[in-house]
Amino acid sequence: MTGFVNRHLINILAAFLFLLLAFFLLYPLAAVLVQSVRGPSGFTLQYYRAFFGKGYYYQSLYNTLLLGVINTAVCLAVGFCLAYMTTRGPWILRRPIRTISLIPLIAPPYLFALSLIILLGRNGLITRALDLSWQLYGFGGVVISQALAFTPLAYMMIESTMMSLDPNLEESAYDMGATEATILRTITIPLLTPGLLKAALLIFVMTIAEFGNAAILGGRTPFLAPDTYTAITGESDFNMGSVLSVVLIVPCLVAFVVHGRLLEGRKFTTIGGKPVAAEPRRMTPLIKGLFVLVTTAATGAIFVCFAVVGVASFYKILGVTTRPTLANYLDFTSNQAIYNSIRVSLVAALIGAFVGVLLAYVIVRGRFVGRSFMEMLSLSGFALPGTVLGIGYLLAFSAPPLRLTGGIMIIALNCVFRFLAVGVEAGISKLHQIHIELEEASADLGAGSLTTFRRIVLPIMFPAFVAGFIYTFMTAVVSLSAVVFLVSPGFELAAVRIFDAAVYGEIGIASATTMKLVLTVAVCMALLSYVARRTRLGGGLARTAA
């Protein structure tokens, strides 16, 4: 016996789940690869020759990589300052900084592009008030918007690792006379290496793959993700779109390999128990001043961006029209798009959480060959650019053996397998905390499989199910880079509606739809947390989701 389930049943379940992963992750990727080398007469490399023979694409690749490197460095630096202040800084500042820093996680990333246009565009509030002459549209504008969009993610990941560090190490160094700078250089930052590298990998991949900010603010500056969108939707050139996708995958794979190599064979064990909140420590004026300056600038920018979008939602074009209106909030198309997004996200969250928990169970409790590969495959959706999976689904599921285009399931399944990693990782963490003897003892005492599942396994796994559900719902409802390729005429999603409105200059509609989407996600999250507390099955919900 393995747990309460027979080993053969686990193997059968594992085989079924592997087929799901292969069909919904590997098959779309294979479709992209095949399309990139398939011409009218069969196999060809002409599209790759066209890519490498055109200076425009070299510039697009260079801009994309440079954007990824700059944004990764900026997000890690600012995220570290935010995390340090919320775990080591003054008590009075911790909650406000944490609250403001996490708000963008429930908003679409391109909210910042929208707010920058309102403030710093050609007719922006600041531009006109100060009579400035500058160019927001271009590389600089994309860097700023991407940095604001992904700093909260870097902060969340670094803070999680920093809370796991034993503060006694730093306290001991401080008592022995080490300066704050020495403690940071020799203890804190080295011990944060796993968290910093994981955050760097994720930020880099998401930055180069993010579609909305680059498309809205890029202007004439080429980037791979918007170029892919143009090739598919504007020119119907699936071959070149596939080539661009393959090129976009390469730096992601390189970053993934480098990340693994840097951590290979190295130990960073620092956890002495549950995460603890470190007491504020006296900081040198220079370090404290620098950290306060960075956190104030970052949280201030986030707050201003949300505030300006909130105000702009009551005007047709803030700064141009002066009469407030509620018409933006009553726009039927936008409300229908939000309703569609919630439907798709709920379906994706339910399926994703269920599949994630099952995968975690067979990976931890199973004893079959290929468990590591299955785990890596289940996490791979996280490391792949959304545009690539969007095009892959479009190519793979627009024809037999499984035609899904034109409905909501193709969008929901795309979100399921892109965001599956959180549910799987949360389930694996939960199962590692509980010895298998609990399930074996229940079976030995005569409990049936269903009873053991209901009384032992379900309570253990439910927080992981909730974590996977929350994360999939949150990310699916604001995701754009993949779904923009999969929406069908007459079925618009909120993310696509906001993007279209921003591109066509309907700033009021885009702002109001963004604010409605943020409020909807916040209400859904609060309702889910309430239900989890009432059922007493969501213990550790907040911790797991974070």
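Examining helix α18 (residues 386-396)
Turning to step 1, where the next piece is worked out: Among the 11 residues in α18, 11 count as buried, and that is most of the element.
Turning to step 2, where the next piece is worked out: Listing the buried residues of α18 in full gives Gly-386, Thr-387, Val-388, Leu-389, Gly-390, Ile-391, Gly-392, Tyr-393, Leu-394, Leu-395 and Ala-396.

Looking at unusual backbone geometry
Turning to step 1, where the next piece is worked out: The step from Pro-400 to Pro-401 runs through a cis peptide bond, and the omega angle for that step is 15°.
Turning to step 2, where the next piece is worked out: Residue placement: Pro-401 occurs in the loop between α18 and α19 (409-418).
Turning to step 3, where the next piece is worked out: Located in the positive-phi region is Ser-236, a residue other than glycine, with phi close to 50°.
Turning to step 4, where the next piece is worked out: Mapped onto the elements of the fold, Ser-236 is located in the loop between α12 (224-234) and α13 (238-263).

Concerning the nonpolar core
Turning to step 1, where the next piece is worked out: Grouped together as the largest cluster of nonpolar side chains are 164 residues, with contacts concentrated most on Phe-291, Tyr-393 and Phe-417.
Turning to step 2, where the next piece is worked out: Discounting residues that sit within four places of it in the chain, Phe-417 has contacts with Leu-20, Leu-21, Phe-24, Leu-25, Gly-381 and Tyr-393.

Remarks on the packing of aromatic side chains
Turning to step 1, where the next piece is worked out: Summed over the entire model, instances satisfying the criterion amount to 21 aromatic pairs.
Turning to step 2, where the next piece is worked out: Measuring from ring centre to ring centre gives 5.1 Å for Phe-24 and Phe-417, while their planes differ by 15°; the resulting arrangement is stacked. Within this pair, whereas Phe-24 is found in helix α1 (residues 7-36), its partner Phe-417 is found in helix α19, the two being separated by 393 residues in sequence.
Turning to step 3, where the next piece is worked out: An aromatic cluster of at least three residues, connected via ring pairs, comprises Phe-23, Phe-24, Tyr-27, Tyr-393, Phe-397 and Phe-417.

Side note on the pattern of salt bridges
Turning to step 1, where the next piece is worked out: Scanning all chains against the criterion turns up three salt bridges.
Turning to step 2, where the next piece is worked out: Among the salt bridges present, the one from Glu-159 reaches Arg-98, with a minimum N-O distance of 3.1 Å. Note that Glu-159 is positioned in helix α7 (residues 139-164) and Arg-98 in helix α4 (residues 91-102), a separation of 61 residues in sequence.
Turning to step 3, where the next piece is worked out: Assessed through its relative accessible area of 4%, Glu-159 is described here as buried.
Turning to step 4, where the next piece is worked out: In this structure, Arg-497 engages Glu-506 in a salt bridge whose closest nitrogen and oxygen atoms are separated by 4.0 Å.

The rules behind each value
- Per-chain numbering applies: the sequence of each chain, read as written, is numbered from 1 onward.
- Only residues with pLDDT of at least 70 are given local features in this predicted model, and only at 80 or more are side-chain atom pairs given and counted; all residues enter the totals for whole chains, interfaces and linings.
- Working from all heavy atoms in the structure, the side-chain values ignore hydrogens and water.
- Each residue is placed in one exposure class: buried if its accessible area under a 1.4 Å probe, protein chains only, is under 20% of its type's maximum, exposed if it is over 50%, and partly exposed if it falls in between.
- Elements are defined by DSSP. Helices are runs of H or I of four residues or more, strands are runs of E of two residues or more, and each kind is numbered from the N terminus.
- Here, the term nonpolar core denotes a set of buried Ala, Val, Leu, Ile, Met, Phe, Trp, Tyr and Cys residues that are joined through side-chain atoms within 4.5 Å.
- Between two residues, a contact is recorded if the distance between any of their heavy atoms is within 4.5 Å.
- Ring geometry is summarised as follows: Phe, Tyr and Trp rings, the Trp one being its six-membered ring, pair when their centres sit within 6.5 Å, and such pairs are stacked at plane angles under 30 degrees, edge-to-face over 60 and tilted between the two.
- Any carboxyl oxygen of Asp or Glu within 4 Å of a side-chain nitrogen of Lys or Arg constitutes a salt bridge here.

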